[in-house]
Structures are given as structure tokens and as C-alpha cells.
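Here's the letter readout for the chains.
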Amino acid sequence: MGIGPGGERAAIERIRSRLHGPPAGETWIGDDAAVVASPSEGLLLAADLVVAGVHVDLDLVGVDDMGWKAMSANVSDLAAMAGRPLRALVSVAGPASTDLDALYSGVAEAAERYRCPVVGGDLANAGVLVVSVAVTGTSDGMPAVLRSGARPGDSLFVSGPLGASAAGLELLRSGRADDGPELAAAHRRPAARVEEGQAARAGGATAMIDLSDGLAIDLDRVAAASGVGLALTAVPVADGATAEQALGGGEDYELAFSAADPDAVAAAFRAARLRPPLRVGSCTADPEERRLDGGPLEATGWEHDW
């Protein structure tokens, strides 16, 4: 469908019609900048890109899924800080043939799911479809949970089993998505774990990260930032996935975090009526240590080449 009759201005009006309008006192889409209320303290900012052919294969997933993923990836970064989203700016560059209506249907569904309205953005033509999202969030006056706070002796947890997205991608590539629809859905529409991030903080989380690139490489980032080692004893594998996919597949968007008191963690997740997190190991005093079941743990996962 592309931008369609009327050019960019008409496209913006179609996009605006798909999204919620502003509350009294705020100005959203249609002006040179959005005017929004800001939290009194604990403002969080995040930005991320989703690029066709790099982050998504549009021969396998819909352009609406790409819009959803662009929003979820950013909200997940806020969740990893124990924050919640407030507002989003969505900018799209792509070929004139891009189906903006489908793309923004996915954006709108995610904005509704995460209570993160889209307040502005930009449109431009480009040779490849790129969706850039910037979000604001808040830690509600509480300290954000960083990657750098883990301590020797802390237990390590993940918010759920891993590898579903990588397994789903493999099924989609082989044309067997009907063999595992829940796995295909995990790849097409990953979920940001906002409530789990807040429960982890309530349970005394000392460090946290979202698992966008793979458990091994993302925990390595936590260990490097915190100056601790890693001794993993378990890798929770999603039904239908492999241990390799769980360890390095990425794009699960579950949360990994450290905490000193496993009982406090369990109580916090129970109070929030969330599935209990899964203990995967502990932090050690040797900052060079990376072990899995007594053997070496390689920091496998996704990294861009530069």
C-alpha cells in the first residue's frame, strides 16, 4: 500500500487515526515536537532500531510483527532497569511500497499492550525498511537496577525458559511453523517483561539485563560490568527448543538478574502473581570465571559487526 494517495501528510493522518490521542494538557502527533508530562524523578530513556534483513526477515514474518518487535525491544530495555514505559517516538524509513497501515497496526498493538502511547516520530523513504523507536520511562522514584550491581555470592535467575524465539525462527525458515505455533509466535511477537522487572527489584535484584542477544553473552555483560564471575548450574530450555538455542539463540526478552536472597525473590514474584523465576547459578569472586556445570562457558550470542 505504501504511503498511498496524498503523500506523507496523508500518511501521517492515517497513522494518527490508528493511535490514541493525547490527554488534556499534552500535545502529540502533528506538531514539531510532542509536549508531555514528565515524572518528577527517575526518568529513563532508551532507543533501538529494527532493520529488515538484519533483525527481521519479512519473508517469514509480517510487517506488523516488525512494528510490534520494534516497540517490544525498547520496552524490554526499560523492564531490564525495573522501569515501566511512558511514551514512544516511532520513526520509519523505508521503500515507498511499505505497508504503513500494517506496520503501525503492530506498533499500535504493542503500544496498547505496554501502555506506552506513541506521541510522535518521522517518516522518510529509504532503500530498506528501518523502524527506530525511542521511549521514555520511569522507575517511579526507585533506583533503577543496573548491570553493575551484582556481588559475589548473589544467585542468578531468569524470568522464564529460553530458546523459544530461536526455535521458532528455525521452524519458520523450514516452513514448519504449524509444528510449533507457540514457538513461531515467540519469534514473531516477543514479550517485554515489565512486571517481572519490577518484581525482581522488589525481591532485591542487584543487577539485571534483558536477554535480547543470548543468555551467555548477556550474562557475560553483567559479570563484566559488576566485576564478578559466573558459575551457571542450569540453563532452562523452553519446550521445543534446544539447549544451544536457550544459551545463545537470543531474542527471548526474558530478564536475567542477580539477587542475594532467593526467598525474597520468590516472595516478590508470588506477591505479583507471576510465574516464579528460575535459578541458573551464582556470581563468584573471580571476575575471570565463566563456568557452566563445571566446564567453560563461552559468551556465545548475537553481536553486530563493526
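Calculation criteria
- Residues numbered from 1 in each chain as written.
- Predicted model: local features only at pLDDT ≥ 70, side-chain atom pairs only at ≥ 80, totals over all residues.
- Heavy atoms only, no water.
- Helix = DSSP H or I, 4+ residues; strand = E, 2+ residues; numbered from the N terminus.
- Buried < 20%, exposed > 50% of the residue type's maximum accessible area, 1.4 Å probe, protein only.
- Contact = heavy atoms within 4.5 Å.
- Pairing = 2+ DSSP bridges.
- Axes fitted to C-alpha atoms, helices over the stretch in contact; angles between N-to-C directions.

### Some words on the environment of T300
Logical step 1: By the secondary structure assignment, T300 is in the segment after strand 11 (295-296).
Logical step 2: Note on T300: relative accessible area 38%, which makes it partly exposed.
Logical step 3: Distance in space between the C-alpha atoms of T300 and G249 is 8.6 Å, their sequence separation being 51 residues.
Logical step 4: The contact partners of T300, leaving out residues within four places of it in the chain, are A216, I217, L247 and G248.

### Things to note about the sheet that holds strand 8 (residues 255-259)
Logical step 1: Reading across the sheet, the seven strands line up as 6-8-5-9-7-10-11 and stay open at both edges, with mixed pairing between neighbours. The sheet is open, and its two borders are formed by strand 6 (205-210) and strand 11, each paired with just one other strand.
Logical step 2: Note that strand 6 and strand 8 share five bridges and pair antiparallel. In the sheet register, I209 faces strand 8, and the bridge partner there is A256.
Logical step 3: Contacts from helix 6 (residues 194-202) reach strand 6 and strand 8, with the element oriented near 160° to strand 6.

### Looking at the environment of A102
Logical step 1: Relative to the helices and strands, A102 is located in helix 3 (residues 100-114).
Logical step 2: Counting along the chain gives 36 residues from A102 to M66, while the straight-line C-alpha distance between them is 9.5 Å.
Logical step 3: Setting aside anything within four residues of it in sequence, one finds A102 in contact with V63 and D64.

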